[in-house]
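Below are the chains, spelled out letter by letter.
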Amino acid sequence: MADTRGVGRQSRVADIDGADRQSRVADIDGVDRQSRVADIDGVDRQSKVADIDGAGGPGLVGDSSRALASDSSRTYPLASDSWRTYRMVAGMWIRSTMTYRSSFALTLFSSFCVTFFDFVVILLMFGQVEGLGGFSFAEVAFLYGTTGTSFGLADLTMGSLQRMGRRVRDGSLDTFLMRPAPLLAQVAADKFALRRFGRVAQGLLVLVWALVLLDVAWTPVKVLLLPMMLVCGAVIFAAVMVLGASALFWMQDAAEVTSSFTYGGNTLLQYPPTIFAQELVRGVVYVVPLAFVNWLPALYVLGRPAPAGVPGWVAFASPLVALVCCGVAGIAWRAGIRSYRSTGS
Amino acid sequence: MSFIELESLEKTFTIRRKEGLLKRSKREVRAVDGISFGVERGEMVGYIGPNGAGKSTTIKMLTGILTPSGGRLRVAGIDPSPSSRLRSGRGGPNRERTRLAQRIGVVFGQRTTLWWDLPLKDSYGLMHRMYRIPDARYRENLDRCVELLDLGELLDVPVRQLSLGQRMRGDIAAALLHDPEVLYLDEPTIGLDVVSKARVREFLRELNASQGTTVLLTTHDLTDIEQLCSRVMVIDHGKLMYDGKLAGLHAVGESERLLVVDLERELPPIEDVPGARFVRAEGPRQYLAFPASSSAAPLVAAVAAAYPLVDLSVREPDIEAVIAKMYGGTREERRESLM
């Protein structure tokens, strides 16, 4: 008797178990497979980490933390680590801005408008005159669109560097320096403002308009030159911004000087080089190589002679110039970090 | 080799001053002037000194924020200064600094390391990824910190809206999420109320005991040191003045304890007890000073035998006074350098 009862109970339990498990599986299957996958993922990851921890056990906290440290103190290539950091920090700021969507839309729109009125000035001017320095409206718009897009891209990605002077002065750069991530990426992505995309959008819009109006005999070389000059232009502007930020390590109020090269350079490049004094044009070719952002390649595209008596091939030198600028900016940045003084206390 | 090791570490700042229209005078200030010490794994060390002594500058060099002007420095086998990078031939301004950052935690009392405009939990999420903390470990550490530092209700609050005490707790948690082997605390209890101070201290003690985290602490609140650190280093003018047990400071500072004696009635000053010095009397209460290094028992016995004693108590010397005494000799110099 006792035996059979025991067996009976066992089988009942087994049944219940079976039913229970089945229904649970059914539930999971039926309701949402995704959560199950997430669960499995979670369990998997946990057990993997548990493995790592397992070696240590409760009494050997020091050991396991050492294992963790040696794992995490692995070094990563600077470029990929910077990119990873940038994405991470910028992503967080974008998410945090997006919590107020309508406010974001409004600021984006206003950023677009501010830069658009900038262009309205040129429109109004061409209502009065036929050409500017021998350049037609379409040609000036082409110059405007190319530098505007390049500058917009650089401003979008590196614009936060402008505020670094304050961080150097009040010592809050300390915080960035003690995190295991490249400093430049952290500072550049700090308070990443997607609204600055308004400037890029405006630049692209004017560029498209110019391309529609322009009467240019497009060759494959000219077609390729266009994206190249946009990218190299952005890189040159970005390098100038980094260079200016490096100067902030020594002169915390030098941000205005940098702005005169970046914002000022952008304004300069919107107009044809023929309206400026030769010395100024030579300056942006040889000293601060902003002419390589758009003037030199753009004049080639427009089929005009290069300014300041430079040879024709310099229209294609922008990538090289961008590379050199990056190198100089990188050296200056490193020197800057080394001479960072923090603040008292 | 010690876990943290400094060898005649130096940091010199050049100060330029305007003198007239174009003239500038250059002056070198030695913030840290040849400091050497070693800290073993799991130690809890207090690092104290007057304002401008070079405490924070030392900490900033130990964390890789500042580059030393001279000397050598190693934390967990890593030397974050750029010269070592050049020597080892491994390029990148960030390499050694980031490697070190993975293994240390830093809390500045005067400044938050969190993102000012973001809720606490977003800051932590970013730390999680920036420090490449394994998920389970992150969750475990966060849960522990939230529980012990009582952060539960604060996680959704932007950092700028936190009170000083709350922010400090948030900062301490942030510094510990990646299981640092060393924790630097630069005035962690500054501006906190008594309850918050006690909570922070309790947490640090628990951390040191359970995780074996090495802790280096600068503070102006000597209660921090008394309650947490078995070893204390005193720095002044960028030089190490004392390194040893807290109790030993008394001997160095020639400090005295105070025996407060309540007698039955007003009596002439007690001056016949050996080893004690009469300080003052307030009616039937008399104050006797004796060296901090000697025992109070024979003194009490002698007083009790000769006088009608009602009550007595012993007052420990004020460490602040002890340290002030140590600094005393150099104070004049400092005043000059500030001028």
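Right, let's walk through the structure included here.

**Regarding the overall build of chain A**
Then comes step 1: What chain A contains, in helices and strands, is 15 helices and 0 strands.
Then comes step 2: In chain A, which comprises 345 residues, the proportion classed as buried is 44%.
Then comes step 3: Carbon and sulfur atoms make up 65% of the accessible area of chain A, which totals about 17800 Å².

**What to know about the environment of Gly165 of chain A**
All names here are of chain A.
Then comes step 1: As for its placement among the helices and strands, Gly165 is situated in helix α7 (residues 164-170).
Then comes step 2: By relative accessible area, which is 3% here, Gly165 ends up buried.
Then comes step 3: Each C-alpha atom, one on Gly165 and one on Ala247, is 9.1 Å from the other, the two residues being 82 residues apart in sequence.

**Some details on the interface of chain A and chain B**
Then comes step 1: In this complex, chain A contributes 50 residues to the contact, which on the side of chain B involves 48 residues.
Then comes step 2: Of the roughly 4600 Å² buried between chain A and chain B on both sides combined, carbon and sulfur atoms contribute 58%.
Then comes step 3: Three residues, Met178, Arg179 and Pro180 of chain A, lead the burial of chain A against chain B; their summed loss comes to 16% of the area buried on that side.
Then comes step 4: The tally of links from chain A across to chain B stands at 4 salt bridges.
Then comes step 5: For Asp81 of chain A, the salt bridge identified is with Arg132 of chain B, shortest N-O distance 2.6 Å.
Then comes step 6: Where chain A meets chain B, there are 13 residue pairs in polar contact (both at pLDDT 80 or more).

**Description of the environment of Met88 of chain A**
Then comes step 1: Turning to its location among the elements, Met88 of chain A is positioned in helix α4 (residues 78-98).
Then comes step 2: Distance from Met88 of chain A to Val120 of chain A, taken between C-alpha atoms, is 37 Å for residues 32 residues apart in sequence.
Then comes step 3: For Met88 of chain A, the residues in contact, after removing those within four places along its chain, are Leu126, Arg129 and Met130 of chain B.

**A few points about unusual backbone geometry**
Residue and element names in this part refer to chain B.
Then comes step 1: For Ser8, which is not glycine, the phi dihedral falls at a positive 35°.
Then comes step 2: At Glu187, a position not held by glycine, the phi torsion is positive, near 50°.
Then comes step 3: Structurally, the position occupied by Glu187 is in the loop between β6 (182-186) and α7 (194-211).
Then comes step 4: Given a relative accessible area of 8%, Glu187 falls into the buried group.

**Regarding the nonpolar core**
Then comes step 1: Grouped together as the largest cluster of nonpolar side chains are 165 residues, with contacts concentrated most on Phe142 of chain A together with Val75, Tyr124 and Tyr184 of chain B.
Then comes step 2: With 13 residues, the top contributor of residues to this core is helix α11 (residues 220-247) of chain A.
Then comes step 3: Among all residues touching Tyr184 of chain B, those that are not within four sequence positions of it are Ile4, Ile59, Leu62, Thr63, Val75, Ile104, Gly105, Val106, Val107 and Leu216 of chain B.
Then comes step 4: Listed in part, the 11 residues of the second largest apolar core include Leu259, Leu263, Phe290 and Leu299 of chain B.

**Concerning the sheet that holds strand β13 (residues 309-315) of chain B**
Residue and element names in this part refer to chain B.
Then comes step 1: Taken in spatial order, the 4 strands line up as β11-β12-β10-β13 in an open sheet, and their pairing is antiparallel. Strands at the two margins of the open sheet, each flanked by one partner only, are β11 (277-282) and β13. Between one strand axis and the next, the sheet turns through 20° on average, direction left out of account.
Then comes step 2: In the packing of helix α10 (residues 297-306) onto the sheet, the strands contacted are β10 (256-263), β12 (285-291) and β13, and the crossing angle to β10 comes to about 25°.

**Comments concerning the packing of aromatic side chains**
Then comes step 1: Per the stated rule, a full pass over the model turns up 15 aromatic pairs over all chains.
Then comes step 2: Relative to Phe316 of chain A, the ring of Tyr300 of chain A has its centre 5.0 Å away and its plane inclined at 65°; by these criteria the two rings are edge-to-face. Separated by 16 residues along the polypeptide, Tyr300 of chain A in helix α14 (residues 295-301) and Phe316 of chain A in the loop between α14 and α15 (318-338) bring together distant segments of the chain.
Then comes step 3: Classification of Tyr300 of chain A by relative accessible area gives partly exposed; the value is 31%.
Then comes step 4: Taken together, the ring pairs connect Phe119, Phe126, Phe137, Tyr144 and Trp209 of chain A into an aromatic cluster.
Then comes step 5: Geometry around Phe176 of chain A places Arg179 of chain A over its ring, the cationic atom sitting 5.5 Å from the centre.
Then comes step 6: A cation sits over an aromatic face here: Arg280 of chain B above Tyr287 of chain B, 4.1 Å from the ring centre.

About the cut-offs
Residues numbered from 1 in each chain as written. Chains lettered and ligands numbered in written order. Predicted model: local features only at pLDDT ≥ 70, side-chain atom pairs only at ≥ 80, totals over all residues. Heavy atoms only, no water. Helix = DSSP H or I, 4+ residues; strand = E, 2+ residues; numbered from the N terminus. Buried < 20%, exposed > 50% of the residue type's maximum accessible area, 1.4 Å probe, protein only. Areas by Shrake-Rupley, 256 points an atom, 1.4 Å probe, with all protein chains shown as cover. Contact = heavy atoms within 4.5 Å. Buried area = accessible area lost by both parts, 1.4 Å probe. Salt bridge = Lys/Arg side-chain N within 4 Å of Asp/Glu carboxyl O. Polar contact = N/O pair within 3.5 Å; in protein donor to acceptor, adjacent residues only side chain to side chain. Core = buried A, V, L, I, M, F, W, Y, C linked by side-chain atoms within 4.5 Å. Pairing = 2+ DSSP bridges. Axes fitted to C-alpha atoms, helices over the stretch in contact; angles between N-to-C directions. Phe/Tyr/Trp six-rings, centres within 6.5 Å; stacked < 30°, edge-to-face > 60°. Lys NZ or Arg CZ within 6 Å of the ring centre and 35° of its normal.

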